[in-house]
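Fold and contact review
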Amino acid sequence: MLDKPSKTPFHMHKLALRPLLRTLDQNQIKALFTELESINQDEFTAILYRHGLTQLWLQFLLKQESIPTWLAGAIKAFKKDALSIAANQLMQRKILQDTSEAFKQAGIDYLVFKGAHLRHTIYDDPIHRTVCDIDILVRDEQKLDAVKA
């Protein structure tokens, strides 16, 4: 038999995903906030950052009529984080444009995939998908030309 839920290894992860996986009614939201008051809030916030969930949580929190005081501070941090994410995305967009131009001039076939592509095709708001790199696939016989370009 398991200890209290807060003692299970992934309890905070489950809390972090709860409002993102399904729509919660007001009673479930209140229960979630009550449960969040009883855990290590710094550790919980760190989990949100570590797993790229801050912007999804920001959207969830902004829809709530009232939230715990400590989460009001988190909202400010998440908004600041959104600016950093947006700046990073603009930089990546510029790099992709430059790469596309260079590859076209060199006649290199390529495909952008994974995060940098998915954030614009799957997510309503691309800021919800943070990306730390750009994945580009080129033909094996063109890889050296791609590096040169």
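In this report, we go over the structure that sits alongside the text.

**Brief notes about the overall build of the protein chain**
- Looking only at helices and strands, the protein chain features seven helices and two strands.
- When the helices and strands of the protein chain are placed in sequence order, the string is α-α-α-α-α-β-α-β-α.
- Relative to the compact-globule value of 15 Å for 149 residues, the protein chain shows a C-alpha radius of gyration of 20 Å, a clear excess of over 25%.
- Summarising its shape, the C-alpha atoms of the protein chain cover approximately 60 × 35 × 25 Å along the three principal directions.
- Counting only residues that meet the buried cut, the protein chain has 32% of its 149 residues in that class.

**Let's talk about the nonpolar core**
- Core analysis: the biggest nonpolar cluster contains 22 residues, and Leu36, Phe44, Trp57 and Leu61 have the highest contact counts within it.
- Broken down by secondary-structure element, the contributors of at least two residues to this core are α1 (11–21), α2 (26–37), α3 (41–50), α4 (54–62) and α5 (69–106).
- Looking at this core, the element that brings in the most residues is α5, giving five residues.
- With near-sequence residues (within four places) excluded, Leu36 lies in contact with Leu15, Gln41, Phe44, Trp57, Trp70 and Leu71.

**Describing α5**
- With 38 residues, α5 extends 56 Å between its outermost C-alpha atoms, agreeing within 8% with the 56 Å of an ideal straight helix rising 1.5 Å per residue.
- All buried positions along α5 are accounted for by Trp70, Leu71, Ala74, Ile75, Phe78, Ala82, Ile85, Gln89, Gln92, Thr99, Ser100 and Phe103.

**So, the packing of aromatic side chains**
- If you walk through the whole model with that rule in mind, you get six aromatic pairs.
- For the ring pair Phe44 and Trp70, a centre distance of 6.3 Å and an interplane angle of 85° mean the geometry is edge-to-face. Residue Phe44 is located in helix α3, and its partner Trp70 is located in helix α5; the two are separated by 26 residues in the primary sequence.
- Among the residues examined, Phe44 registers a relative accessible area of 0% and is labelled buried.
- Relative to Tyr110, the ring of Phe103 has its centre 5.3 Å away and its plane inclined at 70°; by these criteria the two rings are edge-to-face.
- Take Phe103: its relative accessible area is 6%, and that puts it in the buried class.

**Observations regarding a nonpolar patch on the surface**
- Residues Leu111, Phe113 and Leu137 make up a contiguous nonpolar surface patch of roughly 260 Å² in combined accessible area.
- For Phe113, the location among the structural elements is in strand β1 (residues 110–113).

The rules behind these values
Residues numbered from 1 in each chain as written. Predicted model: local features only at pLDDT ≥ 70, side-chain atom pairs only at ≥ 80, totals over all residues. Heavy atoms only, no water. Helix = DSSP H or I, 4+ residues; strand = E, 2+ residues; numbered from the N terminus. Rg over C-alpha atoms; globule rule 2.2 N^0.38 Å. Buried < 20%, exposed > 50% of the residue type's maximum accessible area, 1.4 Å probe, protein only. Core = buried A, V, L, I, M, F, W, Y, C linked by side-chain atoms within 4.5 Å. Contact = heavy atoms within 4.5 Å. Expected span 1.5 Å × (residues − 1). Phe/Tyr/Trp six-rings, centres within 6.5 Å; stacked < 30°, edge-to-face > 60°. Patch = residues over 30% accessible without salt bridge, like charges linked within 9 Å, V, L, I, M, F, W, Y side chains within 5 Å. Areas by Shrake-Rupley, 256 points an atom, 1.4 Å probe, with all protein chains shown as cover. Salt bridge = Lys/Arg side-chain N within 4 Å of Asp/Glu carboxyl O.

Treat this as a map of the structure, not an account of what it does.
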